[in-house]
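If you want the building blocks of each chain, they are given just below.
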Amino acid sequence: MDYISRFRVEPGSQVDLSKIDASFKDQHESHQHALPEIETYRQQLADLQYLMYAENKRSLLICLQGRDAAGKDGTIKHVLGAMNPQGCKVAAFKVPTREEAAHDFLWRYHRATPAKGEVAIFNRSHYEDVLVVRVHNLVPQDVWSQRYAHINHFEQQLADSGTHILKFYLHIDADEQLARFKQRIDDPARHWKISDSDYSERPLWDEYTTAFEAALSQCSTPHAPWFIIPSNHKWFRNLAISRIVSETLSALDMKFPAPTVNINEIRKKYHQIEKGESPS
Ligand code: ADP
């Protein structure tokens, strides 16, 4: 089965995260065992992103969401590491600045969407406005509850303009999150990643589950599907996401643009120069 069908949230379905195994690793016994497949998809990603950049007709938006320590940074490193920085960009969304907060909630996200030929990755996204905002009552319920429809319209509009949208929820369980918090404490090179909010948000695990399930259920559409990626194993998360991005881009049937010059004429000029003659 292809990974798009396997991990996509079917539009209109009701997500229950407690039924999804965060440690799933398909038929792979270990990271070592999966390495050749991981490498195949990395190479495919590189080739397809090059083609998208050359074709300059459409764009790809990848949104990453997950709980603290779910692996958004590691995913970006893996997926973007496979691509040419020319034509790729990352946008990270934190607590809105004064300027951002003075606009409608989608303003800051719309400005960061990819241009034709580009890939953009959102590290957190417009979904924060129905996640952290909902959990902490940062706006009244009648405001956040309208946002699911606003988000669906926004994504439809992007899709209608040639943007392909893939949204990944990095699914880890509570034990894995705690293990990653410990790794961060034990490794001085990771201390910078620790934030107070990791510890203030964890007791709200169930409230976040409800908010994630609502976003995943209400906003998985044919033009902007959500994927729930088992992410307790970092290597499986990387494999699954690279494979889904590759499967999506391969299906677009992209083509290199026709040359703007007559290649036979250019070849003739090249040979003239090679022989020391001036090109005619
Ligand atoms: P990260 O965890 O992404 O590496 P930070 O530790 O700086 O980076 O966390 C960013 C914080 O910004 C998160 O707690 C997130 O919930 C918060 N945030 C993002 N978007 C919004 C928003 N629209 N409203 C309020 N808080 C937000």
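In this convention, every chain numbers its residues from 1, walking through the sequence in written order. Restriction of local features to residues with pLDDT of at least 70 applies here, the model being predicted, together with a cutoff of 80 or more for giving and counting side-chain atom pairs; totals for whole chains, interfaces and linings are based on all residues. Side-chain figures throughout are based on the complete set of non-hydrogen atoms in the structure, without hydrogens or water.

### Brief notes about helix α11 (residues 205-218)
Right, so step 1: Helix and strand assignments follow DSSP, with helices taken as H or I runs no shorter than four residues and strands as E runs no shorter than two, numbered in order from the N terminus. In this scheme, a helix's expected span is set at 1.5 Å multiplied by one less than its residue total. Here α11 spans 20 Å end to end across 14 residues, near enough to the 20 Å set by a 1.5 Å rise per residue.
Right, so step 2: With 10 of its 14 residues buried, α11 lies for the most part within the structure. Think of it in three bands: with a 1.4 Å probe and only protein chains considered, a residue is buried below 20% of the maximum accessible area for its type, exposed above 50%, and partly exposed in between.

### Topic: the site of the ligand
Right, so step 1: Every residue close to the ligand is listed here: Phe 93, Lys 94, Val 95, Pro 96, Arg 108, Tyr 109, Arg 124, Glu 128, Asp 129, Val 132, Val 133 and Leu 138.
Right, so step 2: Any pair of N or O atoms that falls within 3.5 Å is considered a polar contact. Within protein, one atom must be able to donate a hydrogen and the other to accept it, and sequence-neighbouring residues count only if both atoms are side-chain atoms. For the ligand, a nitrogen atom lies 3.1 Å from a polar atom in the side chain of Arg 108.
Right, so step 3: One of the side-chain nitrogen or oxygen atoms of Glu 128 is found 3.0 Å away from an oxygen atom of the ligand.
Right, so step 4: Here the ligand, which alone exposes 570 Å², has 77% of that area covered by the protein.
Right, so step 5: Those elements that place two or more of their residues in the shell around the ligand are α5 (107-110) and α6 (132-135).
Right, so step 6: Considering only residue class, the shell around the ligand consists of 7 nonpolar, no polar and 5 charged. We call a residue near a molecule or strand as soon as one heavy atom of that residue lies within 4 Å of the molecule or strand. For every accessible area listed, the method is Shrake-Rupley and the probe measures 1.4 Å; residues are considered covered only by the protein chains on display. Note that Gly is not counted as nonpolar here; it falls among the polar residues with everything else outside the nonpolar set of Ala, Val, Leu, Ile, Met, Phe, Trp, Tyr, Cys and Pro and the charged set of Asp, Glu, Lys and Arg.

### Looking at the packing of aromatic side chains
Each pair of aromatic rings is reported with the distance of its centres and the angle of its planes.
Right, so step 1: Aromatic pairs are defined between Phe, Tyr and Trp rings, using the six-membered ring for Trp, whenever the two ring centres lie within 6.5 Å; interplanar angles under 30 degrees are classed as stacked, those over 60 as edge-to-face, and all others as tilted. Inspection of the entire model under this criterion finds 14 aromatic pairs.
Right, so step 2: Judged by centre distance (5.0 Å) and plane angle (40°), the rings of Phe 181 and Tyr 199 are tilted. Residue Phe 181 is found in helix α9 (residues 174-186), and its partner Tyr 199 is found in helix α10 (residues 196-201); the two are separated by 18 residues along the sequence.
Right, so step 3: Among the residues examined, Tyr 199 registers a relative accessible area of 39% and is labelled partly exposed.
Right, so step 4: For a Lys NZ or an Arg CZ to count as sitting over a ring, it must be within 6 Å of the ring centre and within 35 degrees of the ring normal. Lying over the aromatic face of Trp 205, Arg 67 brings its terminal NZ or CZ to 3.7 Å of the ring centre.
Right, so step 5: Over the face of the ring belonging to Tyr 3 we find Arg 243, whose NZ or CZ atom lies 3.8 Å from the ring centre.

### Comments concerning a nonpolar patch on the surface
Right, so step 1: Patches were defined on residues exceeding 30% relative accessible area and lacking a salt bridge, with like-charge contacts within 9 Å and nonpolar side-chain contacts (Val, Leu, Ile, Met, Phe, Trp, Tyr) within 5 Å. Whenever a carboxyl oxygen of Asp or Glu lies within 4 Å of a side-chain nitrogen of Lys or Arg, that contact is scored as a salt bridge. A contiguous nonpolar patch, built from Ile 185, Ile 194 and Tyr 199 and spanning about 260 Å² of accessible area, is present on the exposed surface.
Right, so step 2: Its place among the elements puts Ile 194 in the loop between α9 and α10.

### Here we look at helix α3 (residues 72-81)
One full turn of an α-helix is made of 3.6 residues, so residues set three or four places apart face in the same direction.
Right, so step 1: Lys 72, Thr 75, Ile 76, His 78, Val 79 and Leu 80 are the residues of α3 that are buried.
Right, so step 2: On its buried face, α3 is in contact with α2 (31-55), β1 (59-66), β2 (88-92), β3 (119-123), β4 (163-171) and α12 (234-250). The contact definition used throughout considers only heavy atoms, calling two residues in contact when any of these lie within 4.5 Å.

### Re the pairing of β1
Right, so step 1: Most of β1 sits out of view: 8 of its 8 residues are buried.
Right, so step 2: Across the two faces of β1 the burial is the same, with Ser 59, Leu 61, Cys 63 and Gln 65 and Leu 60, Ile 62, Leu 64 and Gly 66 all buried.
Right, so step 3: Strand direction decides the pairing type here: β1 and β4, joined by 8 bridges, are parallel. Note on β4: the bridge partner recorded for Gln 65 is Tyr 169.
Right, so step 4: Strand pairing is assigned whenever DSSP detects at least two bridges linking the two strands. As defined by bridge partners, β1 adjoins β3 across 5 bridges and the pair is classed as parallel. Within β3, the residue paired with Ile 62 across the bridge is Ile 121.

### A few points about the pairing of β3
Right, so step 1: Burial analysis of β3 places 5 of its 5 residues in the buried class, which makes it a mostly covered element.
Right, so step 2: Residue alternation in β3 divides its side chains into two sets, Val 119, Ile 121 and Asn 123 and Ala 120 and Phe 122, and both sets are buried.
Right, so step 3: Bridge count for β2 against β3 is 5 bridges, and the pairing is parallel. The partner of Lys 89 across the bridge, within β3, is Ala 120.

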